[in-house]
Amino acid sequence: MAGHEHHHHFSLCFCDLMRLMWSLVAPCAFLSLLLTLTLLLVLLGLRLWLQGRRKARWARDGGPSVAFFHPYCNAGGGGERVLWCSLRALMNRYPGVSFVVYTGDQGVTGEQILAGARQRFNITLPRPVSFVFLRRRSAVEATSYPHFTLLGQSAGSMFLGWEALTAFVPDLYVDSMGYAFTLPIFRYLGGCKVASYVHYPTVSTDMLSVVRDRNPRFNNADFISRNPLLSTMKVVYYCCFALLYGLAGSCSDVVMVNSTWTLGHILALWRSPSRTSIVYPPCDVRAFLDVPLEEEDEDDVEGWEELGQELGGGEEEGGRREDKKGHTIVSVGQFRPEKDHQLQIRAFRKLLDGKGEEPAGRESLRLVLVGGCRNQEDEERVQSLRGLCQELGVADRVQFKLNVPFEELKRELVSATIGLHTMWNEHFGIGVVECMAAGTIVLAHKSGGPKLDIVVPYDDRQTGFLADSEDSYAAAMETILALSPAARLEIRRAARQSVSRFSDQEFEVCFLAAMESLMSQLTL
């Protein structure tokens, strides 16, 4: 009897609960509808307000405007070269259009930024460009998000994009740094046409493979790779993020990617094949074509000493033909963790260990690391690399050159025997192309752009070498140094001839062709 009463009481409680929940359905549905309508009205109001600001600006300026989103435009990397070459091409082609750059750089003026572009890249714009200085660039700094970095930076880019949009409303917005989550803001709130140039996908199937296989790398901490549960959670996180990234990227009216490797990933994530094309980034190959490719002669370096003097150096700078004194191995790339400078130093140490102490051995080799430092984090990374050199006993044979002007970069490439590159899945590799144009024999990572687009046979001739581990890099360097001067000359000639497809002129032709559909709508 007691059990029956208990069951009856439970049934009454359950029925009361169901009636309560049913009675809340209508109010909750109404409240959800009300909130949705309110949000839509707010978004519509913001869109109308921003369009009003664009019309007022059009009336004031008398023409359309194109804005590039590049928070680090004062840096010295390949992405910045794309920015300045893009602006130069559009300015020459469309004289009636004004141009703006959103930058997060502080403590510099627009004139100083343009002067830096002239110094680093040998690029001068044909007419003025306006700068909008953003104050919240820290929102996209990786250091601001110790955990869930991708999600944090992407959300931060939306706040930074909103700051940019409210400061200046363009007719065409171009994301030239890969902040895909800014695209829907400018398209749907700003009512702008949007285009994007993708250097590297924020998330890729390769990154998922690294986590799934529990492989420790710079973006997959050891404590995560050792823990199957954390690895599974990170895979789920990456998959969810990849879905959001694809939705944001699909908002772009025109998508340009810098390599075959990037194209494959962007097509898989953004799913916009009809709007996507490869536009190889511009490489300053013309600046190196005045360097003659001559067969190395250990008994005659006079001509190369004269060339070194013409480039601003004397006998101390040396020329390419350093066989009397030794060989230089040069690396060109920003000091970021993915560039894997540690691998370069360790492979170089292994090469030195194989040489021994004979006069033609250790003392005949020198490693020069040339690159840009964007911020304090990069500078600390350089200090860490210096410490690694001390630890491995190679500090006397390794030299660091930071934020050097273009002429000094050119001198280093001209004087080097080997151009070293170690980034896994490098999206393209402008430094690799510059080395090949300068006549330096390239040793690049066997992945990404270098493998698929750059260090590939040209007219059935070898253009360089590929490696993917400390041992294989050391072995490849030994192989290159052991080649006869004539054999090295043949590789250098093939490499130089192959890089014409990466010239500034080729970039401008392809870039303007990709942008034609959007630019023609602005200038009607």
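Criteria and thresholds
- Residues numbered from 1 in each chain as written.
- Predicted model: local features only at pLDDT ≥ 70, side-chain atom pairs only at ≥ 80, totals over all residues.
- Heavy atoms only, no water.
- Buried < 20%, exposed > 50% of the residue type's maximum accessible area, 1.4 Å probe, protein only.
- Helix = DSSP H or I, 4+ residues; strand = E, 2+ residues; numbered from the N terminus.
- Pairing = 2+ DSSP bridges.
- pLDDT = per-residue confidence, 0-100.
- Contact = heavy atoms within 4.5 Å.
- Salt bridge = Lys/Arg side-chain N within 4 Å of Asp/Glu carboxyl O.
- Patch = residues over 30% accessible without salt bridge, like charges linked within 9 Å, V, L, I, M, F, W, Y side chains within 5 Å.
- Areas by Shrake-Rupley, 256 points an atom, 1.4 Å probe, with all protein chains shown as cover.
- Axes fitted to C-alpha atoms, helices over the stretch in contact; angles between N-to-C directions.

**Considering the pairing of strand 9 (residues 365-371)**
Of all seven residues in strand 9, six are buried; the element is thus mostly enclosed. Here six bridges tie strand 8 (residues 327-332) to strand 9, and the two strands are oriented parallel to one another. Looking at the pairing, Ser 331 lines up with Leu 369 of strand 9. Pairing of strand 9 with strand 10 (residues 398-402) involves five bridges; the strand directions are parallel.

**Overview of the confidence of the model for the chain**
For the chain, the average pLDDT comes to 85, and 85% of its residues sit at 70 or higher. The low-confidence segment residues 298-324 (pLDDT under 50) makes 50 contacts with residues lying over four places distant or belonging to another chain.

**A few points about the pattern of salt bridges**
Evaluated as defined, the whole model comprises 22 salt bridges. We note a salt bridge from Asp 105 to Arg 137, for which the minimum N-O separation is 2.9 Å. Here the residue Asp 105 occupies a position in the loop between strand 2 (98-103) and helix 3 (110-121), and Arg 137 occupies one in the loop between strand 3 (130-133) and helix 4 (149-167), the gap between them amounting to 32 residues. Residue classification places Arg 137 among the buried positions, given a relative accessible area of 15%. The closest approach of N and O atoms between Glu 490 and Arg 461, which form a salt bridge, is 3.3 Å. Taken together, the residues span a long stretch of sequence, with Glu 490 in helix 17 (residues 485-498) and Arg 461 in the loop between helix 15 (448-454) and strand 13 (465-467) at a distance of 29 residues. Since its relative accessible area comes to 37%, Glu 490 is described here as partly exposed. The network of salt bridges with shared partners includes Arg 81, Arg 88, Asp 504 and Glu 508.

**Observations concerning a nonpolar patch on the surface**
On the surface, Leu 33, Leu 37, Leu 39, Leu 40 and Leu 43 cluster together into a nonpolar patch covering about 450 Å² of accessible area. Following the sequence through the fold, Leu 33 ends up in helix 1 (residues 2-61).

**Examining the sheet that holds strand 12 (residues 441-445)**
The strand order across the open sheet formed by six strands is 10-9-8-11-12-13, and the pairing between neighbours is parallel. The sheet terminates laterally at strand 10 and strand 13, the two strands that pair on one side only. On average, each strand axis in the sheet is tilted by 25 degrees relative to the strand beside it, whichever way the strands run. The pairing of strand 11 (residues 418-420) with strand 12 spans three bridges and is parallel. When the sheet's bridge partners are listed, Gly 419 is paired in strand 12 with Val 442. Contacts from helix 14 (residues 430-437) reach strand 8, strand 11 and strand 12 within the one sheet, and its direction differs from that of strand 12 by about 160 degrees.

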